[in-house]
Amino acid sequence: MLEEVVVGLRSHENSGSALVVYPNPAKNLLTVDFSGLSRDVREIVLADMLGAPVYSSGALTGKKSRISFSAGGIANGVYVLSVKTDDGLQINRRVAIVH
């Protein structure tokens with residue numbers, strides 16, 4: 001299992017456990033389920049270990065609880081998935097892509 005990290009200045013109320021990323025490792029499709037978060041998600045970014053983004057959801061609007069995107073065009077490796085909320089909380093997860 002890969003490690004989770006919660007970063008932010010505000011109380012996170014177990015926000016890391018309210019975020020589910022599957023499958024991990026991912027092959028073709030990666031799903032981020034944030035229905036357990038009590039905050040509004042602003043953006044989701046997947047970046048390589050050097051910090052270069054390989055996927056960005058752009059600005060999320062409305063009440064979404066899950067987002068899925070293709071991992072098919074992303075090279076094998078370990079990435080950092082960052083979920084950013086409207087109130088400044090950032091939850092990071094390591095995600096492996098294996099084709």
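Note that the structure is a prediction, hence the values are computed from the model and not measured. (Residues numbered from 1 in each chain as written. Predicted model: local features only at pLDDT ≥ 70, side-chain atom pairs only at ≥ 80, totals over all residues. Heavy atoms only, no water.)

## Let's talk about the packing of aromatic side chains
A complete count under the given rule lists one aromatic pair for this structure. Consider the rings of tyrosine 55 and phenylalanine 69, whose centres lie 3.7 Å apart with planes at 5°: the pair is stacked. Of the two residues, tyrosine 55 sits in strand E5 (residues 53-56) while phenylalanine 69 sits in strand E6 (residues 66-70), which places them 14 residues apart along the sequence. Each member of the pair, tyrosine 55 as well as phenylalanine 69, carries the same accessibility label: buried. (Phe/Tyr/Trp six-rings, centres within 6.5 Å; stacked < 30°, edge-to-face > 60°. Helix = DSSP H or I, 4+ residues; strand = E, 2+ residues; numbered from the N terminus. Buried < 20%, exposed > 50% of the residue type's maximum accessible area, 1.4 Å probe, protein only.)

## A look at the sheet that holds E6
Strand pairing in a sheet relies on backbone hydrogen bonds. The paired strands run either parallel or antiparallel. The sheet built from three strands is open, its strands ordered E2-E3-E6 with antiparallel pairing. Two strands close off the open sheet at either side, each with one partner strand: strand E2 (20-22) and E6. When strand polarity is set aside, the average angle formed by the axes of neighbouring strands in this sheet is 15°. (Pairing = 2+ DSSP bridges. Axes fitted to C-alpha atoms, helices over the stretch in contact; angles between N-to-C directions.)

## Focus on the pairing of strand E8 (residues 90-97)
Across the eight residues of E8, six count as buried, placing the element largely inside the fold. Bridge count between strand E7 (residues 77-85) and E8: eight bridges; the pairing is antiparallel. Across the sheet, valine 80 pairs through a bridge with arginine 94, a residue of E8. If you look at the hairpin formed by E7 and E8, you'll find four residues sitting between the two strands, and glycine 88 has a positive phi there, around 95°.

## Some words on the nonpolar core
Generally speaking, nonpolar side chains in soluble globular proteins are found buried as a group. Grouped together as the largest cluster of nonpolar side chains are 24 residues, with contacts concentrated most on Val32, Phe34, Ile44, Leu46, Phe69 and Leu81. Of all elements in the fold, only strand E3 (29-33), strand E4 (41-47), E6, E7 and E8 reach the threshold of two or more residues within this core. Excluding residues within four positions of it along the chain, phenylalanine 69 makes contact with Asn28, Leu29, Leu30, Val32, Leu46, Tyr55, Ile74 and Leu81. (Core = buried A, V, L, I, M, F, W, Y, C linked by side-chain atoms within 4.5 Å. Contact = heavy atoms within 4.5 Å.)

In short, shape yes, function no, at least from these values alone.
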